[in-house]
Amino acid sequence: MIVENNKQKGGVGDHLANERTFLAWIRTSIALMGFGFVVVKFSLFVRQLSLVVTGHNITPVKGFSGVIGVCLVAIGAVAAVIGYLRYRRVEKQLLNQAFHPESGLLLALTLAVIGGSLLLLYYLLPNL
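Residues numbered from 1 in each chain as written. Predicted model: local features only at pLDDT ≥ 70, side-chain atom pairs only at ≥ 80, totals over all residues. Heavy atoms only, no water.

Novice: Mind laying out the overall build of the protein chain, listing which residues take part and the relevant values?
Specialist: A count of helical and extended segments in the protein chain gives three helices and zero strands. The order of α-helices and β-strands along the protein chain, N terminus first, is α-α-α. Residues classed as buried in the protein chain amount to 23% of the 128 residues present. For the protein chain, long-range pairs separated by at least 24 residues make up 76% of all intrachain contacts whose partners lie at least 6 apart in sequence. As displayed, the protein chain offers around 9,200 Å² of accessible surface, 70% of which is attributable to carbon and sulfur atoms. (Helix = DSSP H or I, 4+ residues; strand = E, 2+ residues; numbered from the N terminus. Buried < 20%, exposed > 50% of the residue type's maximum accessible area, 1.4 Å probe, protein only. Contact = heavy atoms within 4.5 Å. Areas by Shrake-Rupley, 256 points an atom, 1.4 Å probe, with all protein chains shown as cover.)

Novice: Any details on the nonpolar core? Residues and values, ideally.
Specialist: By size, the foremost hydrophobic cluster in this structure holds 10 residues: Trp-25, Leu-32, Val-39, Ile-68, Leu-72, Ile-75, Ala-79, Ile-82, Leu-109 and Leu-120. Breaking this core down by element, the ones donating at least two residues are helix H1 (12-54), helix H2 (65-96) and helix H3 (104-124). In terms of residue count, H2 provides more of this core than any other element does, five residues in total. In this view, Ala-79 contacts Trp-25, Ser-29 and Leu-109; residues no more than four positions away in its chain are not counted. (Core = buried A, V, L, I, M, F, W, Y, C linked by side-chain atoms within 4.5 Å.)

Novice: Would you mind going over H3 in detail, with residue names and values included?
Specialist: Here H3 contains 21 residues, and its C-alpha end-to-end distance of 30 Å stays within 8% of the 30 Å for a straight helix at 1.5 Å per residue. By the burial criterion, the buried members of H3 are Leu-109, Gly-116 and Leu-120. Along the axis of H3, the buried residues cluster in a sector spanning 40 degrees; they form a single face. What points out from H3, more than 90 degrees from its buried face, is the exposed set Leu-107, Leu-111, Leu-118 and Tyr-122. (Expected span 1.5 Å × (residues − 1). Arc of directions from axis to C-beta.)

Novice: Pulling in residues and values, what's your account of the packing of aromatic side chains?
Specialist: Scanning the model with the defined rule gives two aromatic pairs in all. Between Phe-22 and Tyr-84, the ring centres sit 6.2 Å apart and the planes meet at 70 degrees, which makes this aromatic pair edge-to-face. A residue pair is termed long-range when its members are at least 10 positions apart, and Phe-22 in helix H1 and Tyr-84 in helix H2 qualify at 62 residues. A connected cluster of aromatic rings, assembled from ring pairs, spans Phe-22, Tyr-84 and Tyr-87. (Phe/Tyr/Trp six-rings, centres within 6.5 Å; stacked < 30°, edge-to-face > 60°.)

Novice: Tell me about H2, and name the residues and values.
Specialist: The end-to-end C-alpha distance of H2, which contains 32 residues, comes to 46 Å, matching closely the 46 Å that a straight helix rising 1.5 Å per residue would cover. Trailing H2 by a residue or two, Gln-97 shows a phi angle of about 55 degrees, which is positive.

Given below as structure tokens:
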């Protein structure tokens, strides 16, 4: 026999789904930050490899990979904050049994990711 806690409103499945969604936000955040880190470090790796192989730097020192990588890490950090804020808001709404979806933060994050993608395309297309 399962005894349900009267203080906890919303089903257990709803609360667990909220936690799974939060964990998805965290995974996305980590992926964005990791990709930003790789973008910055790969540029440094190519520069060092060109020095070892040819004896001189064949890639331009000034590039956008550092800026793009830092932007991706920042977007990842913002995604983590948005995920946590959404988790807390949905948790309160579940407890009050009044869920109201909001898409403003999601739109801002989506535009930031699209902006980062456009920066990457701008940087990578001339090198093809």
